[in-house]
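Structural characterization, general
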Amino acid sequence: MSGISLIITFVIAIVIMIVAISKWKLHPFLAIMGISLVLALVVGIPLKDIPNLIGGAFSGTFQSIGIVIILGALIGTMLEKTGAALKLAEMTARLVGPKHPELAMEIMGWVVSIPVFCDSGFVILDPIRKALQRKTRYSSVAMTVALSAGLYTSHVFIPPTPGPIAAAGSLGLESHLLGVIGWGALVSIPGLAAAFFFANWIGKRVKSAEDAAETQDGPTYEDLLRSFKNLPNGFLSLAPIVTPILAMAAGSVASMAGLNGNAGTFLKFIGQPIIALTVGVLFGVILLFHAGKTGDFYEMTNETLKVVGPILFITAAGGVLGKVIVAAGFVDYMKGNAAVLSAMGIFFPFIVAAILKTAQGSSTVAITTTAGIMGSIAESGSMMSLLGLTTPVAGILTVMAIGAGAMTVSHANDSYFWVVTNFGGMTPQNGYKTQTAVTLVCGVVSIIFIWILSLFLI
């Protein structure tokens with residue numbers, strides 16, 4: 001199969017996959033794997049090659065990035081269960097001060113969601129939001145929107161959150177995770193700024209049940225902090241996040257400086273993402289010991305594996321779909337008609353991710369599937385190669401573009417939409433005015449900033 005018929009087949013396959021996930025409620029793993037197999041058969045890939053193609057693409061994901069995703073998620077679980085996430089939030093509130101509670105909530109969310117899923121992060125931080133709202137009488141809607149945006153931004157941009165890690169692995173950036181973290185932090189800034197102003201604007205126009213209530217029951221902010229008798233100190237709370245970053249930075253410096261000998265070998269060793277995140281897990285174990293919860297470590301690990309398992313499988317399935325697309329000749333055909341597509345540049349992965357996000361709801365599925373479609377920067381037959389995005393910096397900006405698309409937009413088919421609206425005391429209609437709108441603002445502002453960066457860096 002070739003030409004227009006190949007393009008039509010590909011589009012139909014993607015539409016069926018989206019419908020299967022969003023309307024027929026088929027699990028994304030089965031939907032993506034099923035479409036990959038059917039697509040391989042329809043486009044005429046030799047039957048003898050299909051099993052090895054699927055198996056090789058599937059196992060390659062686990063080899064490159066699987067352990068890293070598990071370790072990053074485990075760190076997040078330990079921060080959540082020991083109260084370290086709340087300690088980070090308390091430190092942020094003290095840093096920002098009482099005059100801007102919405103800014104405090106946004107920064108809290110951004111920090112906490114680096115290792116913790118945004119859904120869990122909102123549940124963890126919502127009691128603090130409510131306590132601060134009672135203390136300051138600030139707009140509950142503004143604080144809810146700011147918290148949601150802060151959590152969502154780091155969720156799609158910054159490892160060790162599984163989505164960005166998985167995208168980095170699919171694009172062949174396993175050894176550039178430090179760069180993904182750094183650029184993710186930078187790319188977060190415009191979206192966070194836009195969300196801050198939007199939160200204050202919408203907070204004056206939309207009221208929640210909390211805003212309408214004259215009196216509100218519940219603990220004060222100080223009562224909430226006092227309820228954690230064994231809250232860890234700031235160093236212990238930061239260490240599981242900061243030490244992997246420092247270890248990867250040390251490894252990068254050693255490589256760039258050409259350090260050899262025992263010192264250079266050691267720094268490069270601890271700079272590998274698997275080892276660096278293992279160090280973070282060890283600091284997490286120290287947190288458990290401090291909190292007297294070492295006996296819960298087994299259950300925490302088991303819980304983490306249950307949460308991460310579907311992400312790993314969906315990521316691997318996305319890689320399979322990407323390999324099938326390449327083997328089908330789709331990329332080769334597009335190369336022959338590359339003028340329009342190549343002009344899209346960094347907007348192409350954004351658009352694909354935004355379509356998948358809006359259609360089926362999950363940011364993680366949108367990120368991993370889009371990354372699988374894009375392929376690796378090192379593969380001559382990948383979409384990344386077709387778009388001219390073949391350098392590590394181009395790959396990192398592509399991860400960012402995918403993340404921006406995966407924010408755009410959160411609505412009724414997204415579990416996070418319901419977490420934010422329900423905990424924020426808002427109706428679904430107001431949820432569209434707030435949560436859906438702020439994710440649209442953040443996504444569009446972020447991709448514009450990424451595009452501007454690409455003009456200078458690619």
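Above this text is the structure in question.
Residues numbered from 1 in each chain as written. Predicted model: local features only at pLDDT ≥ 70, side-chain atom pairs only at ≥ 80, totals over all residues. Heavy atoms only, no water.

1. Some remarks on the nonpolar core
Our working rule: Here, the term nonpolar core denotes a set of buried Ala, Val, Leu, Ile, Met, Phe, Trp, Tyr and Cys residues that are joined through side-chain atoms within 4.5 Å. Exposed residues in this analysis have more than 50% of their type's maximum accessible area, buried residues have under 20%, and partly exposed residues fall in between, with area computed by a 1.4 Å probe over protein chains only. We call two residues contacting when some pair of their heavy atoms lies within 4.5 Å.
Counting residues in hydrophobic clusters, the biggest one holds 137 residues, and the most contacted among them are M17, M108, L125, L321 and I450. Setting aside anything within four residues of it in sequence, one finds I450 in contact with V187, I346, L397, M400, A401 and A404.

2. What about helix α8 (residues 162-170)?
Quick note on the threshold: The secondary structure listing takes helices from DSSP runs of H or I that are at least 4 residues long and strands from runs of E that are at least 2 residues long, numbered from the N terminus.
Counting buried positions along α8 yields nine of nine residues, so the element is predominantly enclosed. Listed as buried for α8 are P162, G163, P164, I165, A166, A167, A168, G169 and S170. Looking one or two residues beyond α8, the residue adopting positive phi is G172, at roughly 75 degrees.

3. Looking at the packing of helix α1 (residues 4-22) against helix α2 (residues 28-42)
Rules: Axis lines are fitted to C-alpha atoms, over the contacting stretch for helices. Their N-to-C directions set the angle, which ranges from 0 to 180 degrees. Roughly parallel means an angle under 35 degrees; roughly antiparallel means over 145; roughly perpendicular covers 65 to 115; every other angle is labelled oblique. For any helix crossing, the convention is left-handed if the near helix is rotated counterclockwise from the far helix by under a right angle, and right-handed if that rotation is clockwise.
Where α1 contacts α2, the axes come no closer than 9 Å and their chain directions differ by 160 degrees. Between α1 and α2, the angle is such that the two are roughly antiparallel. Here the hand of the crossing between α1 and α2 comes out right-handed. When α1 is examined against α2, the residues T9, A13, I16, M17, A20 and I21 are found in contact with a partner set consisting of P28, A31, I32, I35, L39 and V42.

4. A closer look at the pattern of salt bridges
Charged atoms that come close allow side chains of opposite charge to pair. Counted only if it meets this: A carboxyl oxygen of Asp or Glu within 4 Å of a side-chain nitrogen of Lys or Arg is what we treat as a salt bridge.
The final tally for this structure, using the stated rule, is six salt bridges. The salt bridge partner of D49 is K48, with a shortest N-O separation of 3.2 Å. Take D49: its relative accessible area is 32%, and that puts it in the partly exposed class. Judged by relative accessible area, K48 falls into the exposed class, the value being 66%.

5. A word on helix α23 (residues 428-457)
Under the convention used in this document: Expected span of a helix: the number of residues minus one, times 1.5 Å. Note that bend, as reported per residue, equals the angle between axes fitted to the 7 residues terminating at that residue and the 7 residues originating from it.
Helix length check: α23, at 30 residues, gives a terminal C-alpha distance of 41 Å against a target of 44 Å (1.5 Å per residue), a fit within 8%. Of all the bends found along α23, the most pronounced is centred on A437 and spans about 25 degrees.

6. Description of the packing of helix α9 (residues 177-203) against α23
Interhelical geometry of α9 versus α23 gives an angle of 145 degrees and a closest axis separation of 9 Å. Regarding α9 and α23, the two cross each other, and that crossing is right-handed. On α23, the residues that touch W183, L186, V187, P190, G191, A194, A195, F198 and I202 of α9 are K433, T434, A437, V438, V441, C442, V445, S446, F449, I450, L453 and L457.

7. Points about unusual backbone geometry
Cis geometry is adopted by the peptide bond preceding P160, which originates at P159 and carries an omega value of 15 degrees. Omega for the peptide link from T408 to V409 comes to 5 degrees, which places this bond in the cis form. As for its placement among the helices and strands, V409 is situated in the loop between α21 (392-405) and α22 (415-423). For R137, which is not a glycine, the phi torsion comes out positive at approximately 60 degrees. Structurally, R137 is set in the loop between α6 (118-136) and α7 (140-157).

8. Some remarks on the state of the cysteines
How we decide: The term disulfide is used for any two cysteine sulfur atoms that are within 2.5 Å.
Counted by the stated rule, this structure contains zero disulfides. Take C118: it sits in no disulfide, and the sulfur closest to it among the cysteines is that of C442, at 12 Å. For C118, a relative accessible area of 2% puts it in the buried group.

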